[in-house]
Amino acid sequence: MLKSATSISLLLSTLIPLCALSTPQEIRSALELTPNISNGKRIYPLCASCHMKSGWGKPDGSFPVIAGQHREVLIKQLSDIRAKDRVNPTMYPFTDPASIGGAQAIADVTAYIAQMSPTDNPGKGDTQQVSHGEKLYQKNCQQCHGEKAEGNAQAFYPKLKRQHYAYLLRHMKWIQDGYRKNSDPLMVDVIKPLQQNELEAIADYLSRL
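Residues numbered from 1 in each chain as written. Predicted model: local features only at pLDDT ≥ 70, side-chain atom pairs only at ≥ 80, totals over all residues. Heavy atoms only, no water.

## Quick notes on the packing of helix α11 (residues 165-177) against helix α13 (residues 196-207)
The description of two helices packed together rests on the angle between their axes and the distance between the axes.
Then, number 1: Across the interface, α11 lies against α13 with an axial gap of 8 Å and an inter-helix angle of 140°. Classed by the angle they form, the pair α11 and α13 counts as oblique. With respect to the hand of their crossing, α11 and α13 are arranged in right-handed fashion. Here α11 contributes Y165, L168, L169, M172, K173 and Q176 to the contact with α13, which in turn contributes Q196, L199, E200, I202, A203, D204, L206 and S207.
Then, number 2: Of the residues belonging to the contact of α11 with α13, the class tally is eight nonpolar, three polar and three charged. (Axes fitted to C-alpha atoms, helices over the stretch in contact; angles between N-to-C directions. Helix = DSSP H or I, 4+ residues; strand = E, 2+ residues; numbered from the N terminus. Parallel < 35°, antiparallel > 145°, perpendicular 65-115°, else oblique. Left-handed = near helix turned anticlockwise from the far one by under 90°. Contact = heavy atoms within 4.5 Å. Nonpolar A, V, L, I, M, F, W, Y, C, P; charged D, E, K, R; others polar.)

In structure tokens form, the structure reads like this:
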């Protein structure tokens, strides 16, 4: 559904302090533009070289599931990576405007990815801490990412359910260590005190939703 320019501007002005958006104009533009899914499909092979034709990434967590992710989240992350507000050297060449194009291309390819079907068989953990992970998730993560880890598109919070275990674990550690520069400060505060086994339990639980 397309949003009015006014509502998007108000949303972004509210979220910029929390989300550390380095390119709010590009994000705003991509959200306001009418996406051309056919063009997004033509662009997507650039992404498929890592994220696979299906958008399911790899079960070992080297590349995440992006199929079915909120379009708003995908727009923000692409923009943050190409502005180097999120460290991801592997992605830099693929997000460069010379490779993918400008805001319209971002609008198009993210719309195509968002309508893809997510995997029902992601890489998982060892199952030994799933119930503990559920309790930890409900206590620490549910208020932002939703009861079923469905995320919140309006707030740029990603879907976490059925994401690869190893990817989730690695990125929670990176947030904890300060490597993910574009992380919401609220999430940093929540993750900082958690122990390794607690992160493992949360990641395993999310991979199995």
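## Thoughts on α13
Then, number 1: An ideal rise of 1.5 Å per residue puts 16 Å on 12 residues; α13 measures up with 17 Å between its terminal C-alpha atoms.
Then, number 2: With nine of 12 residues buried, α13 lies mostly within the body of the structure.
Then, number 3: For α13, every residue scored as buried is listed here: E198, L199, A201, I202, A203, D204, Y205, L206 and S207.
Then, number 4: Those residues of α13 that are buried are in contact with α9 (130-140), α11 and α12 (185-191). (Expected span 1.5 Å × (residues − 1). Buried < 20%, exposed > 50% of the residue type's maximum accessible area, 1.4 Å probe, protein only.)

## Points about the nonpolar core
Then, number 1: If you look at the biggest cluster of nonpolar residues, it comprises 23 residues, and the most contacted ones within it are Y44, I75, V109, I113 and M116.
Then, number 2: Every element with two or more residues in this core is listed here: α2 (24-32), α4 (45-51), α5 (71-82) and α8 (103-114).
Then, number 3: Per-element tally for this core: the top contributor is α8, with six residues.
Then, number 4: Leave out the neighbours within four places in its chain, and V109 touches G40, I43, Y44, C47, L78 and I100. (Core = buried A, V, L, I, M, F, W, Y, C linked by side-chain atoms within 4.5 Å.)

## A look at α5
Then, number 1: Relative to the 16 Å expected for 12 residues at 1.5 Å per residue, α5 spans 17 Å between its end C-alpha atoms, a close match to the ideal helical length.
Then, number 2: Burial runs high along α5: 12 of the 12 residues are buried.
Then, number 3: Of all the positions in α5, only R71, E72, V73, L74, I75, K76, Q77, L78, S79, D80, I81 and R82 are classed as buried.
Then, number 4: Two residues or fewer past α5, K84 is found with a positive phi of approximately 60°.

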